[in-house]
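The chain contents come next:
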Amino acid sequence: MGKNFLKSSLQNASFNIIFQLLFRVVTFLLNAFVLRNISQAVVGVMNVRLLLLESTILFLSREAFRRACLSKTTEHNWPQVVNLIWLTVPLCAVLSILFGWIWLNALTTPEEHITTHYAIGVWSICISCMMEMCIEPIYLVSQAFLFVKLKVLLETLHVVVRTVTFTSLVLWKPSAAVLAFSVAQVLAVAVFCLAYIIYFHHFIKTKSPSEDFPFSSLKDFLPKRIENEDLVDLRLCVLTWSFLKQGILKQVLTEGERYIMTLFSVLTFYEQGIYDVVNNLGSLAARFIFRPVEESSYFYFSQLVHRDKSIKEQNEEQMKEAATVLKQLLRCMSSLGLLIVCFGQSYSRLLLMLYGGQTLADNLGTLLLRTHCFAVLLLGLNGISECYALATMSASQLDRYNYVMVFLSVGFLFFSLIFTYVLGSVGFIIANCGNMLARIFHSLKFIKKRYTGTQYDPVKGIVPGKWYLLAVATSGLVTIMSENIYYENSKIYHFFIGTICFLVTVAVWIFEEKSWVLYSYKSIRRHSLKLE
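Source: prediction; values computed, not measured.

Q: What should I look at first to understand the overall build of the protein in this one?
A: In terms of regular secondary structure, the protein is built from 19 helices and zero strands. Counting the 532 residues in the protein, one finds 55% classified as buried.

In structure tokens form, the structure reads like this:
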């Protein structure tokens, strides 16, 4: 297909990080403004209860199909792949009806004085999920053929429409925040889907005959019979089933605390709102850096490394490149995570005060955000190590991994309940840290075993350089002392000290990792020249 997966993956990650950074800053500021107009209880209903419904339906409907169909895309029979992807539509319909009924009838309904329009909110989520499934074949093709800028542009459009609509309606009528949320949700998804359809209609009409694109009209994205062939690729069906079984468990692990809040009512809606705000602040790095890096890394490793062959049986140059990339990704994630832990202990209170006012920056909010910084460190390491494992495991290994995930899921839910009853909302974070430590250990064990007998050991990348560790430790001590001495009387001075420490620490990292920075630059430049 005339493309380089490393260059495209790096470009994809870079564009996604820039997009996430810019628009998370915008939504961050708008949310801070909205928080002063609606109650924390309403925030809990929207951001915990309703967004959990969306996450559950979308994850179970499409995640397994996406992961399976993005493996070795150069070998696909695309009509079979399109037929397989369209199975997400009836699956999503069934899940929407099932979970919509549960959310309306089986779960505790929010009190009327806390929020109205709750039922509208539930069905708006179900409708928007169905709409997204109808363009899933187009979305997957855009990913497989590396329409990187298109993805960034349309996700930008989606965020802008949803945020502007919601903010405008809330400012107009704060008492109808859930209704505003519902309207913004459906409108943003409708614009997003329509934009994909319009773009590919135009692209197919104007593309040159020499372009390697196996679709000649929008009708090719619809399901159809294939003469003398199976309707779907049976190999991808097996892989999808493996990912689907695993996906159920992964969803429980990813959204475990929200499920516990929703199903067991261990926190009030007001407490859920505070926890969600703090959790969102603590997860900024995960959303605008870790997630796009993980998505691009999964695509890169799935294209370069064969699932059913040992490292020694594969192309030596490609395996060297993959091992080097994995090692440096682990080092980057651990370095960034330690940076967040270091400065999060001294600046959590200041951040919460600036974001939501003094009420949000009380003892509970500050404790939650400080503890969450340790979860961010583990989240980054788990994301990269697990994405490599899932991208390179065989179908049988994925099935065995499912059993491990069963024990992790049960353990996570059990300890979350215990810790929450004993420690309150901070118990969710502590249980999550323990769960991620177990997942990291399992993934690193798989990576270590896969590279046994070779000259490569990417697991060593998990430990940053000694000078960087020294810089982080020093900055942590200095900023803790600064908070104790200057926070109450001179927050600006405290911020200024932290800025200097941050810049020095980052400079030390760049100096110590200059060989990797130089390697990345030369690699991208070399592959660019080859493509030209």
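Q: It is not clear to me how the environment of Thr499 should be interpreted in this structure. Could you clarify?
A: Looking at the secondary structure, you find Thr499 in helix α18 (residues 491-512). Among the residues examined, Thr499 registers a relative accessible area of 32% and is labelled partly exposed. Through-space distance from the C-alpha of Thr499 to that of Thr479 is 9.7 Å; in sequence the pair is 20 residues apart. A polar atom in the side chain of Thr499 sits 2.9 Å from the backbone oxygen of Phe495.

Q: Sorry if this is basic, but what is going on with the side chain of Ser346 here?
A: When you line up the elements, Ser346 lands in helix α13 (residues 316-356). At a separation of 3.0 Å, a polar atom in the side chain of Ser346 contacts the side chain of Thr479. A polar contact is formed between the side chain of Ser346 and the backbone nitrogen of Ile480, at a distance of 3.1 Å. Excluding residues that lie within four positions of it along the chain, Ser346 makes contacts with Gly476, Thr479, Ile480, Glu483 and His494.

Q: How do you make sense of the packing of aromatic side chains when you look at a structure like this?
A: Two aromatic rings, taken as a pair, are described by how far apart their centres are and by the angle between their planes. By the definition in use, this model includes 22 aromatic pairs. A centroid spacing of 5.1 Å and a plane angle of 55° characterise the contact between Tyr300 and Phe301, whose relative ring orientation is tilted. Consider the rings of Phe343 and Phe502, whose centres lie 5.8 Å apart with planes at 70°: the pair is edge-to-face. Of this pair, Phe343 sits in helix α13 while Phe502 is found in helix α18, placing the two residues 159 residues apart along the sequence. Residue Phe343 is classed as buried on the basis of its relative accessible area of 11%. Members of the aromatic cluster, connected to one another through ring pairs, are Trp78, Phe145, Phe147, Tyr199, Phe200, Phe203, Phe215 and Phe221. Taking the ring centre of Tyr487 as reference, the NZ or CZ of Lys491 above it sits at 4.5 Å. For the cation-ring pair, Lys514 lies above Phe511, with the distance from its terminal atom to the ring centre recorded as 4.3 Å.

What counts, and where the lines are drawn
Residues numbered from 1 in each chain as written. Predicted model: local features only at pLDDT ≥ 70, side-chain atom pairs only at ≥ 80, totals over all residues. Heavy atoms only, no water. Helix = DSSP H or I, 4+ residues; strand = E, 2+ residues; numbered from the N terminus. Buried < 20%, exposed > 50% of the residue type's maximum accessible area, 1.4 Å probe, protein only. Polar contact = N/O pair within 3.5 Å; in protein donor to acceptor, adjacent residues only side chain to side chain. Contact = heavy atoms within 4.5 Å. Phe/Tyr/Trp six-rings, centres within 6.5 Å; stacked < 30°, edge-to-face > 60°. Lys NZ or Arg CZ within 6 Å of the ring centre and 35° of its normal.

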